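A look at the structure
Below are the chains, spelled out letter by letter.
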Amino acid sequence: METALITLLLSPLLGSIFIGLVFRPKSTKVSGSLATACAAVSFVSAIFLFSSYLETHQPIAVAYPWFEVSNFVVNWGFRFDALTAVMALFVTGIGSLIHCYSIGYMSHEKTPWRYFAYLNLFLFNMLILITGDSLPVLFVGWEGVGLCSYLLI
C-alpha cells in the first residue's frame, strides 16, 4: 500500500521533471500525452488506494524524517484516510481530464512542454497538500500550489 501512495505522489513529479527538464518535446501532443499519462497513473493509484481503504478502513501512512531540532521532530509524512481518499480521487480524476483537454487547447503554443510541466507540478503539489500528515508538509503543498498557479497564469 505504501508503494501505491508513493506512486500516487511521485508520478506527476517525475512527469514534470521529465517533460520540463529532460525531454522538452516541442509537440503539444507528445508533451500533453506524457503529462496526461502521469496524471492517469496517479488516478489509477488513487482508485487502488481507495478500494484498499474501503476493504480495511485502516489509514495508510508513510513518514520519513525531515528535520530535528532538540526534542522537536518533524517528519515528511503522508496519510491516506477517508477524506484523503475522496479528495485524491477528485483531484487526480479532474486533473487527468484537464490534462487531456489541454492537449487540444494548447495546440497553438510554441513551448507546450513548459505548460504541461507546470500542470504536472501543480498536480503533485495539490497531492502533497491533501495527503500531508503535518502542518509543515501541508504548508509546503500550499505554497507549491500557489507557485504553480502563478507559473500557469
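Each remark here, short or long, concerns the structure printed above.
Procedures and definitions
- Residues numbered from 1 in each chain as written.
- Predicted model: local features only at pLDDT ≥ 70, side-chain atom pairs only at ≥ 80, totals over all residues.
- Heavy atoms only, no water.
- 1 Å grid on protein atoms, 1.4 Å probe; cavity = no way out; pocket = protein on both sides within 12 Å on 5 of 7 lines; lining within 4 Å.
- Points joined across faces, edges and corners; volume = space filled by probe spheres on them.
- Salt bridge = Lys/Arg side-chain N within 4 Å of Asp/Glu carboxyl O.
- Buried < 20%, exposed > 50% of the residue type's maximum accessible area, 1.4 Å probe, protein only.
- Phe/Tyr/Trp six-rings, centres within 6.5 Å; stacked < 30°, edge-to-face > 60°.
- Helix = DSSP H or I, 4+ residues; strand = E, 2+ residues; numbered from the N terminus.
- Contact = heavy atoms within 4.5 Å.

**With respect to the layout of surface pockets**
By volume, the largest pocket is sized at about 160 Å³. If you trace the largest pocket, you find it lined by Phe90, Val91, Ile94, Gly95, Ile98, His99, Leu119, Phe122, Leu123 and Met126.

**Structural notes on the pattern of salt bridges**
Between side chains of opposite charge, a pair can form as their charged atoms come close. One pass over the full model with this rule turns up 1 salt bridge. For Asp81, the salt bridge identified is with Arg79, shortest N-O distance 3.7 Å. Residue classification places Asp81 among the partly exposed positions, given a relative accessible area of 22%.

**So, the packing of aromatic side chains**
If you walk through the whole model with that rule in mind, you get 7 aromatic pairs. Arranged with centres 5.8 Å apart and planes meeting at 25 degrees, the rings of Tyr101 and Tyr105 form a pair that is stacked. In this pair, Tyr101 and Tyr105 both sit in helix H3 (residues 82-105), 4 residues apart, roughly one turn of the helix. Residue Tyr101 is classed as exposed on the basis of its relative accessible area, which comes to 57%. Taking relative accessible area as the criterion, Tyr105 reaches 52% and is therefore assigned exposed. Ring-pair connections join several aromatic residues into one group, and the members of that group are Trp66, Phe67, Phe72, Trp76 and Phe78.

**Description of the side chain of Thr36**
Position of Thr36 among the secondary structure elements: in helix H2 (residues 28-56). Looking at Thr36, the relative accessible area reads 15%, which means it is buried. The contact partners of Thr36, leaving out residues within four places of it in the chain, are Ser96, His99, Cys100 and Ile103.

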